[in-house]
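Each chain is listed here by its residues.
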Amino acid sequence: MSSMMRAVEISKPGPAEVLELTDRPIPQPGPGEVLLKIAYAGVNRPDVLQRAGLYAPPSNASDLPGLEASGTIAAVGEGVAEWAEGDEVCALLPGGGYAEYALTPAAHCLPVPRGMALREAACLPETFFTVWSNVFQRGGLKAGERFLVHGGSSGIGTTAIQLANVLGARVFATAGSDEKCAACEKLGAEKAINYRAEDYVDVMRAEGGADLILDMVGGDYIKRNVRALADDGRLVQIAFLQGPQVDLNFAQVMMRRLTITGSTLRPQSDLAKARIAESLAENVWPLLDAGRVAPVMDSEFTLETAVQAHQRMESSGHIGKIVMKVG
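So, here is what we can say about the structure in this document.

## Details of the overall build of the protein
Consideration 1: Within the protein, the secondary structure is distributed over eleven helices and 15 strands.
Consideration 2: Taken against the 2.2 N^0.38 rule, which gives 20 Å for 327 residues, the C-alpha radius of gyration of the protein at 20 Å falls within 12% of a compact globule.
Consideration 3: Per-residue burial over the protein gives 57% buried out of 327 residues.
Consideration 4: Accessible surface, the protein as shown: approximately 13500 Å² in total, 50% of it carbon and sulfur.

The following block contains the structure:
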């Protein structure tokens, strides 16, 4: 095996064109880590934010973008017993997915679901870790509850719709076109709301309010989300496409017993992520094995066309996941 690998690096903060193909030394796994020979890597909104200089990687992570991938275990570090060289896995990465090889804690790997290709498996970790931990563990969504997810046609949205639907919730979603709304309803949303034509607050209030809202928009949506919640409802914030600051009357929160919470995945400890992986293996991977949920695929790029992959993400024209063929 060569000591060098191809990778896409961020030459400086800026637009998509700052992504450059380069050669890097192949990293070596430390204790508890595996070296993944990458077949495919998922392209996600945090990659775009990192490229723009708005989302710095943790100090101990690779500076290369890429938070999820699929492939083959190429080497294992000291103390790793659950995986062996040659195993096919998908993995949540601390960074480094835009490369031919990447390191990750062994406990952040999951088996490729039965019958699923590596192309699709690469698009599972980032979205399924995020949705499961925020909607079900943090948000406590239960069967029969009314669930609203914003950005329903995104990778997060398409995952949340499917999981919430198959686990018995009533699912509502917002999206920016009739085509995207139709895609959300095909995945299991009871109603998808075109936010350019309809006010989701009015729709949800007519239904009795949302028991849980998953939001990545922020800004003015935060106040509107509070109005759209049912009494005792929960708002889970996972990103801020329109900014994190808002003027909010918290008397509503007190009087209606609302819960406002949120999280971001990347800064959490390795142990916290390992616990999410364990819960996914127990509760969600059987659904993937059975074909009851699956990633929605939008488009495929390569390391050489990483710039176009980011442009596709930033256009917001995609429905589902964008993937990069590496191996």
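Next comes the rest of the description.
## Focus: the packing of aromatic side chains
Consideration 1: The tally for this structure, following the rule as stated, stands at three aromatic pairs.
Consideration 2: Aromatic side chains Tyr200 and Tyr221 sit 5.3 Å apart centroid to centroid with 40° between the ring planes, which places their arrangement in the tilted category. Of this pair, Tyr200 sits in helix H6 (residues 200-206) while Tyr221 sits in helix H7 (residues 220-228); the two residues are 21 residues apart in sequence, bridging distant segments of the chain. Tyr221 shares its class with Tyr200; the two are buried.
Consideration 3: The side chain of Arg266 reaches across the aromatic face of Tyr55, ending 5.7 Å from its centre.

## Things to note about the pairing of strand S10 (residues 191-194)
Consideration 1: Pairing of strand S9 (residues 170-175) with S10 involves four bridges; the strand directions are parallel. Residue pairing for S10: Phe172 is matched across the bridge by Lys191.
Consideration 2: As a crossover connection, the stretch from S9 through helix H5 (residues 178-187) into S10 is right-handed.

## Remarks on the nonpolar core
Consideration 1: With 49 residues, the main nonpolar core has Phe147, Leu214 and Leu280 as its most contacted residues.
Consideration 2: Among the elements that make up this core, the one with the highest residue count is helix H3 (residues 125-138) (six residues).
Consideration 3: Setting aside anything within four residues of it in sequence, one finds Phe147 in contact with Val135, Leu141, Ala160, Ala164, Arg170, Val171, Phe172, Leu212 and Leu214.
Consideration 4: Ala16, Val48, Phe301 and Met324 belong to the second-largest nonpolar core, a separate cluster that totals 31 residues.

## A few points about the sheet that holds strand S11 (residues 210-215)
Consideration 1: Read across the open sheet, the six strands follow the order S10-S9-S8-S11-S12-S13; overall the sheet is parallel. Lying at the two open borders of the sheet, with one neighbouring strand each, are S10 and strand S13 (259-262). Between one strand and the next, the sheet's axes are offset by a mean angle of 20°, whatever the strand orientation.
Consideration 2: Along the sheet, helix H4 (residues 155-166) contacts strand S8 (146-149), S9 and S11; its crossing angle with S8, the most-contacted strand, is approximately 170°.

## Details of the side chain of Gln50
Consideration 1: Relative to the helices and strands, Gln50 resides in helix H1 (residues 45-51).
Consideration 2: Within the structure, the side chain of Gln50 is placed 2.9 Å from the side chain of Arg266, a separation counted as a polar contact.
Consideration 3: Dropping the residues within four chain positions of it, Gln50 is found in contact with Ile10, Tyr55, Pro57, Asp63, Leu64, Pro65 and Arg266.

## What about the side chain of Ser279?
Consideration 1: The residue Ser279 is located in helix H9 (residues 270-283) in this model.
Consideration 2: Judged by relative accessible area, Ser279 falls into the buried class, the value being 14%.
Consideration 3: Here the side chain of Ser279 touches Gln137 through a polar contact of 3.5 Å, side chain to side chain.
Consideration 4: Excluding anything up to four places from it in sequence, Ser279 contacts Trp132, Gln137 and Val284.

## Here's the deal with unusual backbone geometry
Consideration 1: A positive phi is found at Arg257, a non-glycine position, where the angle reads about 60°.
Consideration 2: A positive phi angle, close to 60°, is found at Ser316, a residue other than glycine.
Consideration 3: As for its placement among the helices and strands, Ser316 is situated in the loop between helix H11 (306-315) and strand S15 (321-325).
Consideration 4: Residue Ser316 is classed as partly exposed on the basis of its relative accessible area of 34%.

## A look at the pairing of strand S1 (residues 4-10)
Consideration 1: Where burial is concerned, most of S1 is hidden: five out of the seven residues are buried.
Consideration 2: Here S1 pairs with strand S2 (residues 19-25) via seven bridges, running antiparallel. By the bridge assignment for S2, Val8 is matched with Leu21.

## Here we look at the pattern of salt bridges
Consideration 1: Within this structure, the stated rule accounts for 16 salt bridges.
Consideration 2: Of the charged contacts, one joins Arg170 and Glu190 as a salt bridge, the two residues approaching to 2.7 Å between their closest N and O atoms. Residue Arg170 is located in strand S9, and its partner Glu190 is located in the loop between H5 and S10; the two are separated by 20 residues in the primary sequence.
Consideration 3: The partly exposed category is assigned to Arg170, whose relative accessible area is 27%.
Consideration 4: One connected set of salt bridges, linked through shared partners, spans Arg6, Glu100 and Glu304.

Conventions adopted
- Residues numbered from 1 in each chain as written.
- Predicted model: local features only at pLDDT ≥ 70, side-chain atom pairs only at ≥ 80, totals over all residues.
- Heavy atoms only, no water.
- Helix = DSSP H or I, 4+ residues; strand = E, 2+ residues; numbered from the N terminus.
- Rg over C-alpha atoms; globule rule 2.2 N^0.38 Å.
- Buried < 20%, exposed > 50% of the residue type's maximum accessible area, 1.4 Å probe, protein only.
- Areas by Shrake-Rupley, 256 points an atom, 1.4 Å probe, with all protein chains shown as cover.
- Phe/Tyr/Trp six-rings, centres within 6.5 Å; stacked < 30°, edge-to-face > 60°.
- Lys NZ or Arg CZ within 6 Å of the ring centre and 35° of its normal.
- Pairing = 2+ DSSP bridges.
- Right-handed = clockwise from strand over helix to strand, strands pointing away.
- Core = buried A, V, L, I, M, F, W, Y, C linked by side-chain atoms within 4.5 Å.
- Contact = heavy atoms within 4.5 Å.
- Axes fitted to C-alpha atoms, helices over the stretch in contact; angles between N-to-C directions.
- Polar contact = N/O pair within 3.5 Å; in protein donor to acceptor, adjacent residues only side chain to side chain.
- Salt bridge = Lys/Arg side-chain N within 4 Å of Asp/Glu carboxyl O.

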